[in-house]
Amino acid sequence: MPDLAPSGLSLSSPSRRALLRGVGGAAVLGAGIPLLSACGGSGTASDSKSVTLGSNSSDAVPKKAFAEIYAAFQKQSGITVDVNTKDHNTFQEQINSYLQGTPDDVFTWFAGYRMQFFAAKNLATPIDDVWSKIGGNFPDAMKKLSKGADGKYYFVPLYTYPWALFYRKSVFEQHGYTVPTTWDQLVALCKQMKKDGLVPIAFGDKDAWPAMGTFDQINFRTNGYDFHVDLMAGKAAWTDAKVRKVFDHWTELLPYHQDGAVGRTWQDAAQTLVAKKAGMYLLGTFVGQQFTNKADADDLDFFAFPEIDPAYGQDTVEAPTDGYMLSKAPKNKAAAAKLLEYLGTPAAEQIYLKADSSVVAASSKADTSSYTALQKKAYEMISGAKSLTQFMDRDSRPDFTSTVMQPALQNFVRNPKNIDSILSSVERQKKQIFASA
Amino acid sequence: MTAETTTNSPEAAAVPPPGAASAAKRTPQGHRRLLTRRDRITLGLMAGVPTILHVALVWVTALASIALAFTTWDGIGFDSIKWVGLQNFRDLFTSNPQFWPAVQHNVIWFVVLILIPTPLGLFLAVQLDKKIRFSRVYQTALFLPVVVSLAVTGFVWQLIYNPDTGLINSLIGANKPGHYIDWIGDPHLNLWAILVAACWRHTGYMMILYLAGLKGVDPSLREASSLDGANEWQTFKNVIFPTLRPTNTVVLVVTIIEALRAFDLVFVFNKGAQGTELLSILVTNNIIGESSRIGYGSAIAVVLLVISLAVIIPYLIATFRKERRA
């Protein structure tokens with residue numbers, strides 16, 4: 001399964017995580033069925049002055065930033081936040097049994113389908129009362145992302161980050177390239193880059209999720225947001241001519257992608273952009289984490305994926321959003337609600353953004369004056385979007401995306417000629433998975 | 001043991017003394033007197049706790065996953081378990097594009113392990129058994145991969161195979177566009193690349209097993225065969241190897257098990273993507289995660305179980321029958 005974490009924010013070392021996954025996987029294999037309900041581990045929340053919080057922010061930068069938010073909350077309200085941090089990936093693997101056992105009052109999670117899934121399973125508490133206070137802080141697109149399928153609010157978004165095509169300004173200047181805004185311009189640029197001895201588009205799909213990002217971009221540019229949503233929800237067919245068109249476009253672009261993508265991690269692919277060997281790279285803003293040298297980081301820029309069908313233009317932006325949910329039976333609901341209210345304020349977001357400049361605030365009220373140029377651009381892109389998508393595995397059933405789409409897309413990337421049989425196989429498996437729910 | 005035990009006669013203490021005719025009659029009474037209440041509780045706990053753990057962790061879970069193979073379940077609440085009969089198996093056999101490759105790869109894994117590292121391990125064991133100089137050094141060096149965790153082995157080999165920055169491609173210059181060897185992503189290469197790593201480790205394992213077997217060979221057999229004028233190869237072929245039969249049984253069973261449970265190396269290497277699918281990886285991929293397909297994953301696990309039983313049981317029966325006859 002799937003690295004279900006294109007939320008690359010805390011993906012600093014997937015190899016270490018892969019090891020932990022291996023260990024976790026072996027443990028569950030041994031047990032046959034998950035007997036992991038003992039991993040709740042909530043602290044002593046009986047006194048009214050503390051609230052427990054389960055966090056997947058195990059990497060140093062976000063962990064410290066979150067700790068600062070909770071400290072500020074404690075100062076303001078007198079309520080202590082008891083944080084239970086788990087390895088990012090372990091957290092995701094155990095989320096099922098964690099939420100069914102004795103979860104912490106508040107837990108970190110992702111917006112979109114993955115939030116709605118647990119809301120529908122009654123493993124989260126609706127927080128409409130919190131939203132009546134924080135609603136004014138968020139744009140409509142964020143409100144939409146925070147609601148369950150039943151129309152109630154279940155989620156407080158904290159930050160978000162867009163996916164786009166990244167490039168180095170100096171490389172574009174050196175060769176006199178201009179930012180492409182249409183498909184034809186993009187293809188022409190790729191051709192030119194190839195002539196100039198560059199890898200036009202860096203690509204690494206070893207972790208199997210990056211290819212999903214490429215699919216998403218081409219899909220909603222070709223077929224629009226609504227079709228994308230239907231397809232992800234299992235309503236539209238993968239054998240539809242519209243999907244086939246997406247892959248036709250992708251096939252046209254694939255020869256300009258970096259060779260041997262299935263054997264390369266996104267970090268290694270990003271290094272070819274850092275080294276100016278690649279012209280562009282389609283990824284989330286967390287690609288900036290690989291630009292450790294200040295001069296290189298200042299040279300980094302991005303543009304939205306070019307328009308394919310003028311009917312949809314560039315109105316959809318893929319912007320995975322992370323935030324918080326309230327567990328099914330919080331021990332200290334009043335304090336937890338207060339914490340969620342605080343987390344929904346621009347003040348909390350600003351504390352986070354000071355420490356991690358690869359993301360932008362979910363709130364439209366957060367102060368953007370301290371943003372880097374890249375953050376400002378990301379913010380404009382997201383706030384100007386007509387629709388926001390999350391990411392394939394956040395917009396659809398994760399079991400479908402991880403067991404069916406990840407291998408299918410890897411198969412396609414290696415062998416685009418097989419697309420017809422891949423798509424009919426995907427459709428067959430999709431029917432089975434969506435029927436089982 | 002308590003003081004009471006020591007007051008009893010030595011024969012009675014050594015329960016049960018089979019063959020000791022004189023003690024046979026006394027044993028039933030002595031047996032009862034021998035165990036105090038505390039002894040019985042101790043023994044009960046010593047036998048009972050592991051039994052309960054074994055039943056709960058091995059049998060109950062195995063039977064539960066067999067039962068779950070006929071259901072769909074997302075792992076949330078027991079009321080969401082739905083009976084679907086053979087549907088999971090039908091889906092698995094007909095429309096899972098990874099299933100048959102996985103079965104095939106498990107078989108390849110076994111064949112390769114039996115054909116390459118096993119004879120190699122035997123060869124090395126025979127050489128080391130000759131008490132050559134620095135034998136301990138070689139022994140340690142060859143056994144080292146077995147001691148290292150497979151996950152770590154996976155990391156090390158990844159550094160060697162990494163297509164962009166790995167040792168091999170850097171040395172032979174195969175990391176440039178045009179002539180690019182994708183050891184990890186190319187399905188025609190990656191399984192073999194991993195098998196090299198698996199063999200590297202398995203050789204040491206086999207070597208130690210055979211070395212232990214060879215230490216048990218009676219030196220007089222060698223002496224006798226050399227007196228009869230047999231050369232080294234003839235001695236090995238006609239005298240030494242036949243005495244290694246019990247070791248060969250262990251080796252075969254161990255290799256089958258290794259081939260069926262192959263997992264860690266591949267998971268670290270490329271998570272069982274394109275070309276390296278294995279049954280154990282498919283099980284994990286379906287069961288672990290936030291909205292798991294536990295029924296479907298269990299169905300794959302059942303297939304794995306059936307294959308294991310189909311291979312192991314007939315072999316064990318045949319072996320035991322032969323040994324009883326012998």
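Residues numbered from 1 in each chain as written. Chains lettered and ligands numbered in written order. Predicted model: local features only at pLDDT ≥ 70, side-chain atom pairs only at ≥ 80, totals over all residues. Heavy atoms only, no water.

## As for the pattern of salt bridges
Then, number 1: Going through the model one piece at a time under the given rule, you end up with 23 salt bridges over all chains.
Then, number 2: For B:Lys271, the salt bridge identified is with A:Asp207, shortest N-O distance 3.2 Å. Of this pair, B:Lys271 sits in the loop between α15 (264-270) and α16 (279-287) while A:Asp207 sits in the loop between β6 (199-202) and α9 (210-232), placing the two residues on different chains. Here B:Lys271 and A:Asp207 have matching classes, each one buried.
Then, number 3: Measuring nitrogen to oxygen at the nearest pair gives 3.0 Å for the salt bridge that ties B:Asp129 to B:Arg222. Linking B:Asp129 in helix α7 (residues 117-129) with B:Arg222 in helix α12 (residues 219-227), this pair joins segments that are 93 residues apart in sequence. (Salt bridge = Lys/Arg side-chain N within 4 Å of Asp/Glu carboxyl O. Helix = DSSP H or I, 4+ residues; strand = E, 2+ residues; numbered from the N terminus. Buried < 20%, exposed > 50% of the residue type's maximum accessible area, 1.4 Å probe, protein only.)

## Some points on the pairing of strand β2 (residues 80-85) of chain A
Then, number 1: Where strand β1 (residues 50-55) of chain A and β2(A) come together, six bridges link them in parallel fashion. Note that in β2(A) the partner of A:Thr52 across the bridge is A:Asp82. (Pairing = 2+ DSSP bridges.)

## Focus on the nonpolar core
Then, number 1: Core analysis: the biggest nonpolar cluster contains 138 residues, and A:Ile69, A:Phe215, A:Trp238, A:Trp250 and A:Met280 have the highest contact counts within it.
Then, number 2: Not counting the four nearest positions on each side in its chain, A:Trp250 is found in contact with A:Ala211, A:Thr214, A:Phe215, A:Ile218, A:His257, A:Leu409, A:Phe412 and A:Val413.
Then, number 3: In this structure, B:Leu113, B:Leu195, B:Val266 and B:Phe267 belong to the second largest nonpolar core, which totals 24 residues. (Core = buried A, V, L, I, M, F, W, Y, C linked by side-chain atoms within 4.5 Å. Contact = heavy atoms within 4.5 Å.)

## With respect to the packing of aromatic side chains
Then, number 1: By the definition in use, this model includes 47 aromatic pairs over all chains.
Then, number 2: Geometrically, the ring pair formed by A:Phe215 and A:Phe247 is tilted, given 5.4 Å between the ring centres and 40° between the ring planes. Of the two residues, A:Phe215 is situated in helix α9 and A:Phe247 in helix α10 (residues 241-253); the sequence distance between them amounts to 32 residues.
Then, number 3: Assessed through its relative accessible area of 0%, A:Phe215 is described here as buried.
Then, number 4: Overall, the relative accessible area of 2% leaves A:Phe247 in the buried class.
Then, number 5: Considering the side-chain rings of B:Phe99 and B:Trp100, the 4.8 Å spacing of their centres and the 75° angle between planes classify their relative orientation as edge-to-face.
Then, number 6: With a relative accessible area of 48%, B:Trp100 lands in the partly exposed category.
Then, number 7: Site record: aromatic cluster; members linked through ring pairs are A:Phe91, A:Tyr98, A:Phe107, A:Trp109, A:Phe110, A:Phe117 and A:Phe118.
Then, number 8: Above the ring of A:Phe302, the side-chain terminus of A:Lys377 is found at 5.3 Å from the ring centroid. (Phe/Tyr/Trp six-rings, centres within 6.5 Å; stacked < 30°, edge-to-face > 60°. Lys NZ or Arg CZ within 6 Å of the ring centre and 35° of its normal.)

## Some points on the packing of helix α2 (residues 60-77) of chain A against helix α14 (residues 346-355) of chain A
Residues and elements named next belong to chain A.
Then, number 1: α14 packs onto α2 with a crossing angle of 150° between their chain directions and a minimal axis gap of 9 Å. On the basis of the axis angle, α2 is roughly antiparallel to α14. In this structure, α2 meets α14 at a crossing whose hand is right-handed. Across the interface between the two elements, Val-61, Pro-62, Ala-65, Phe-66, Glu-68, Ile-69 and Ala-72 of α2 pack against Ala-348, Ile-351, Tyr-352 and Ala-355 of α14. (Axes fitted to C-alpha atoms, helices over the stretch in contact; angles between N-to-C directions. Parallel < 35°, antiparallel > 145°, perpendicular 65-115°, else oblique. Left-handed = near helix turned anticlockwise from the far one by under 90°.)

## What to know about the sheet that holds β1(A)
Then, number 1: Spatial strand order, β2-β1-β3-β10-β4-β11 (chain A): six strands in an open sheet with mixed pairing. Each having just a single partner strand, β2 and β11 (360-361) of chain A make up the two edges of the open sheet.

## A few points about the confidence of the model for chain B
Residues and elements named next belong to chain B.
Then, number 1: In the predicted model, chain B carries a mean pLDDT of 84, and 89% of its residues have values of at least 70.
Then, number 2: For chain B, the element scoring lowest by mean pLDDT is helix α1 (residues 3-7), at 41; helix α6 (residues 99-115) scores highest, at 93.
Then, number 3: pLDDT under 50 marks residues 1-27. Its contacts with residues more than four places away, or in other chains, come to 18 contacts.
Then, number 4: Reported for the predicted complex are a pTM of 0.82 and an ipTM of 0.77. (pLDDT = per-residue confidence, 0-100.)

## As for a positive patch on the surface
Residue and element names in this part refer to chain B.
Then, number 1: A contiguous patch of positive charge on the surface is contributed by Arg-245, Arg-321, Lys-322, Arg-324 and Arg-325.
Then, number 2: A per-element tally of the positive patch places helix α17 (residues 294-325) first, with four residues.
Then, number 3: When you line up the elements, Arg-321 lands in helix α17. (Patch = residues over 30% accessible without salt bridge, like charges linked within 9 Å, V, L, I, M, F, W, Y side chains within 5 Å. Areas by Shrake-Rupley, 256 points an atom, 1.4 Å probe, with all protein chains shown as cover. Lys, Arg positive; Asp, Glu negative; His and termini not counted. Charge placed at Lys NZ, Arg CZ, Asp CG, Glu CD.)

## Observations regarding the sheet that holds strand β5 (residues 163-168) of chain A
By way of backbone hydrogen bonds, the strands of a sheet pair with one another, either parallel or antiparallel.
Residue and element names in this part refer to chain A.
Then, number 1: Here we have four strands laid out as an open sheet, ordered β6-β7-β5-β8, and mixed in their pairing. Looking at the sheet topology across the chains shown, the edges are occupied by β6 and β8 (300-303). The mean inter-strand angle of the sheet, taken between neighbouring strand axes irrespective of direction, is 30°.
Then, number 2: Pairing analysis gives five bridges linking β5 to strand β7 (residues 278-284), with the strands arranged antiparallel. Paired with Trp-163 across the bridge in β7 is Gly-284.
Then, number 3: Of the strands in this sheet, β5, β6, β7 and β8 touch helix α11 (residues 266-274), which is tilted by about 140° from β7.

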